[in-house]
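# Notes for the structure review
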Amino acid sequence: MDLNLNRADYLQVGVTSQKTMKLLPASRHRATQKVVIGDHSGVVTCFGMKKGEAVAVFKTLPGQKIARLELGGVLNTPQEKIFIAAGSEIRGFTKRGKQFLSFETNLTESIKAMHISGSDLFLSASYIYNHYCDCKDQHYYLSGDKINDVICLPVERLPRITPVLACQDRVLRVLQGSDVVYEVEVPGPPTVLTLHNGNGGDSGEDLLFGTSDGKLGLIQITPSKPIHKWEIRNEKKRGGVLCVDSFDIVGDGVKDLLVGRDDGMVEVYSFDNANEPVLRFDQALSESVTSVQGGCVGKDGYDEIVLSTYSGWVTGLTTEPVHKESGPGEELKINQDMQNKISCLRSELEHLQYKVLQEREKYQQSSQSSKAKSTVPSFSINDKFTLNKDDASYSLILEVQTAIDNVLIQSDVPIDLLDVDKNSAVVSFSSCDSESNDNFLLATYRCQANTTRLELKIRSIEGQYGTLQAYVTPRIQPKTCQVRQYLIKPLSLHQRTHCIDHDRPVNTLTLTGQFSFAEVHSWVVFCLPEVPEKPPAGECVTFYFQNTFLDTQLESNYRKGEGVFKSDNISTISILKDVLSKEATKRKINLNISYEINEVSVKHTLKLIHPKLEYQLLLAKKVQLIDALKELQVHEGNTNFLIPEYRCILEEADHLQEEYKKQPAHLERLYGMITDLFIDKFKFKGTNVKTKVPLLLEILDSYDQNALIAFFDAA
């Protein structure tokens, strides 16, 4: 059965956060439901649909930004009480809009995530988790990394209270009281948790998770250990998962999985006979989907997927057909309905135009008066700067509540801008003087009309660190601009991992000196991505990293007065040595640095680079041949005379050129890494071999792995 859903936009509120829209329970099966949504201006709006129009049930006054909205009530009864988290306060409203609860938690950080189960309230701020029962503090936990979401397995189905925290370090932490029972490693930083089928599945222990790199999975959280059921890899390279719901939209009696992503993609997964998810429907919206719910809003009897987007639109993807089959009498009624709708829209448009004129005049008067203060319009930006493991590049995603006019990208370190298929903006580069003003890149992206989301791809060079700045100018008057800054770290292509191969040959860097645990932790934060800003609890800590470009690894182990760093890549150790000694010198801390270099690791790193280098050299060679082969083809009229290898190059010409275009300077990068490896190997021996670099480049141009290894050994 094909799933045909038609889009209907219902209402726009202010900018929304993740998981801030819910549907109130229906009074009867497949009856229309009310929508309740909270936005950044602190307003809770509840509305229903009547004759195609959104009719407000209630609307609260503005206040602090609403970070979460959940429904609650007595267990095993309809969950129709509305709870919102704003700042450090929880407020409760009835379905009619009457406030019955105002609970100040006194948390030092703003609440980021919330889950409600009967009289139990589970909250998390950035690093702190709290459990309250009837507004009385019960349990507390301080996490080692940021908490993105919190949930509790259904207490009405299980004999225990089992909260689960989704933490940024790719771990789900399962709690009992204030203690961690066990940790579950997941394939990416988890951003959202939800109970399978809304009730924990058959066992009551089934938990769905979505990650910031677009993966989905189902895990059974048993009292003693996790059982991984299935996982959906993000093969299509879609956005991160922001929201998940379970609802039978297909109508086969089995609840489907509804998924909303930060690139605007909405997906429906059905389950096959083996209970494995299968993609049944997807649709792209132009902005990130912050909440998703299954239900019935537009018209009785027609199920739909209800979404809220970043800029505050509440949209339905409904099973109601657009064109209904009807008799002559019905047709007249439909025409009359359409006429009424058009006249309503016309009067609404006239009212809006009049309002705009009024506001413009008011602004003109206030800006020209002698007491006028600068009235710069404010706007919200939703940004994300993340490292992609697949191609060792950074994604910079900028989303604005209104249309973007242009984005200026400036960097004080050498970086490459890569092509993005989804990006329709026109890019132009300005020449920079990197010697006099530290400008290595100046690029302007001019966006097409109505573009609210821009995605850029950037590749950095390890060892070169600094700041990338994005100047975002939206299409609003008067012209205004916001600047966002992103740190390019010394070991920018490294990503946190759960485990490493301990059998590899490693080089070791050891630091000792009069430094505190917090100081050495701040140096590691400065050097490496994905390290929590706050020092973890305990006296020492171990982090594992993997280089996404070369697959080399790094183990960092440090405590007060000592830091030990082990890597199978000498260049990684060299970068750490230079940066850490510079940071210690800035703070006037005397460091004792010692290192052990393993000669075998150099050969090992060259072997890791070999397949990548061979592939890039072959690709470059094939791309160089394409024009000549095409000329021969035109001249001869066919390709029968060519050897199969050349015929294959012609057949794949478009794919090869696209692949080559996607990876500019890839070959130069690999050459640079081999050159750095060569210089670093001898730097630790106290020898300067920069004069031999031209000879090394000659060997690379006529590449042979054995000749390269021999050159490294003989130099």
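Reading guide: rules and limits
- Residues numbered from 1 in each chain as written.
- Predicted model: local features only at pLDDT ≥ 70, side-chain atom pairs only at ≥ 80, totals over all residues.
- Heavy atoms only, no water.
- Domains from an automatic or database assignment.
- Contact = heavy atoms within 4.5 Å.
- Buried area = accessible area lost by both parts, 1.4 Å probe.
- Salt bridge = Lys/Arg side-chain N within 4 Å of Asp/Glu carboxyl O.
- Polar contact = N/O pair within 3.5 Å; in protein donor to acceptor, adjacent residues only side chain to side chain.
- Helix = DSSP H or I, 4+ residues; strand = E, 2+ residues; numbered from the N terminus.
- Pairing = 2+ DSSP bridges.
- Axes fitted to C-alpha atoms, helices over the stretch in contact; angles between N-to-C directions.
- Parallel < 35°, antiparallel > 145°, perpendicular 65-115°, else oblique.
- Left-handed = near helix turned anticlockwise from the far one by under 90°.
- Nonpolar A, V, L, I, M, F, W, Y, C, P; charged D, E, K, R; others polar.
- Buried < 20%, exposed > 50% of the residue type's maximum accessible area, 1.4 Å probe, protein only.
- Lys, Arg positive; Asp, Glu negative; His and termini not counted.
- Phe/Tyr/Trp six-rings, centres within 6.5 Å; stacked < 30°, edge-to-face > 60°.
- Lys NZ or Arg CZ within 6 Å of the ring centre and 35° of its normal.
- Expected span 1.5 Å × (residues − 1).

## Digging into the domain arrangement of the protein
When the parts of a complex come together, some accessible area is lost, and that lost area is often taken as the interface size. Looking at the assigned domains, one finds that the protein contains domain 1 (17-239), domain 2 (381-488), domain 3 (494-597) and domain 4 (600-714). Facing the 8 residues of domain 2 at the interface are 6 residues of domain 4. Buried area between domain 2 and domain 4, summed over both chains or domains, comes out near 650 Å², and the portion from carbon and sulfur atoms is 41%. On the domain 2 side of the interface with domain 4, the three residues burying the most area are Asp416, Asp419 and Arg459, jointly 59% of the side's total. Run the count over domain 2 and domain 4 and you get 1 salt bridge. Taken together, the links from domain 2 to domain 4 amount to 3 residue pairs in polar contact (both at pLDDT 80 or more). Among the elements of the structure, β32 (415-418) and β35 (453-460) are those that each provide at least two residues to the side of domain 2 that touches domain 4. Considering every element that reaches the side of domain 2 that touches domain 4, the biggest residue donor is β32, with 3 residues.

## Digging into the sheet that holds strand β37 (residues 482-488)
The antiparallel open sheet is built from 5 strands, whose spatial order is β33-β34-β31-β36-β37. Strands with a single pairing partner mark the edges of an open sheet, and in this sheet they are β33 (426-429) and β37. Taking the axes of each pair of neighbouring strands and ignoring which way they run, one obtains an average angle of 20° across the sheet. When strand β31 (residues 404-411) meets strand β36 (residues 466-474), the two strands line up antiparallel, connected through 7 bridges. Paired with Ser411 across the strands is Leu468, a residue of β36.

## Overview of the packing of helix α8 (residues 666-683) against helix α10 (residues 705-714)
Pairs of packed helices are described in terms of their axes, by the angle between the two and the distance that separates them. Running from N to C, α8 and α10 cross one another at 25°; their axes reach a closest spacing of 10 Å. In terms of orientation, α8 lies roughly parallel with respect to α10. Remark: the crossing between α8 and α10 carries right-handed chirality. Taking contact as the criterion, the partners of Ile674, Leu677, Phe678, Lys681 and Phe682 in α8 are, on α10, Leu708, Phe711, Phe712 and Asp713. A breakdown of the residues in the contact of α8 with α10 according to their chemical character gives 7 nonpolar, no polar and 2 charged.

## Describing the side chain of Glu399
Note that Glu399 resides in strand β30 (residues 393-400). No salt bridge is formed by the buried Glu399; its nearest oppositely charged neighbour, Arg453, is found at 4.5 Å. Polar contacts involving the side chain of Glu399 include one to the main-chain amide nitrogen of Ser288, which spans 2.7 Å.

## Brief notes about the packing of aromatic side chains
Across all of its chains, the model carries 15 aromatic pairs by this definition. Taken together, the ring pairs in this structure connect Phe517, Phe543, Phe545 and Tyr558 into an aromatic cluster. The residue whose ring lies beneath Lys81 is Phe100, and the NZ or CZ to ring-centre distance is 5.8 Å.

## Overview of α8
Helix length check: α8, at 18 residues, gives a terminal C-alpha distance of 25 Å against a target of 26 Å (1.5 Å per residue), a fit within 8%. Summarising burial for α8: 14 of the 18 residues are buried, a large majority.

## Quick notes on the pairing of strand β14 (residues 147-152)
Within β14, 6 of the 6 residues are buried, leaving the element largely enclosed by the surrounding structure. Bridge count between β14 and strand β15 (residues 163-167): 5 bridges; the pairing is antiparallel. In the sheet register, Cys152 faces β15, and the bridge partner there is Pro163.

## Brief notes about the packing of helix α3 (residues 517-527) against helix α4 (residues 570-586)
Here α3 crosses α4 at 130°, and the two axes come no closer than 10 Å. With respect to α4, the axis of α3 lies oblique. Considering how the two elements wind past one another, α3 and α4 form a crossing that is right-handed. Note on element contacts: α4 touches α3 through Leu576, Val579, Leu580, Glu583 and Ala584, opposite Trp523, Phe526 and Cys527. A breakdown of the residues in the contact of α3 with α4 according to their chemical character gives 7 nonpolar, no polar and 1 charged.

## A few points about the pattern of salt bridges
In total, this model carries 38 salt bridges according to the counting rule given. Between Lys457 and Asp391 there is a salt bridge, with the nearest N and O atoms lying 2.6 Å from each other. A residue pair is termed long-range when its members are at least 10 positions apart, and Lys457 in strand β35 and Asp391 in the loop between β29 (381-388) and β30 qualify at 66 residues. In this structure Lys457 comes out as buried when scored by relative accessible area, which is 18%.

## Quick look at the sheet that holds β35
Strand order in this open sheet of 4 strands is β29-β30-β35-β32, and the pairing throughout is antiparallel. The open sheet has two edge strands, β29 and β32, and neither has a second partner. When the angles between neighbouring strand axes are averaged without regard to direction, this sheet yields 25°. One ladder, built from 6 bridges, connects β30 with β35; its direction is antiparallel. Within the sheet, the bridge partner assigned to Leu398 lies in β35 and is Leu454.

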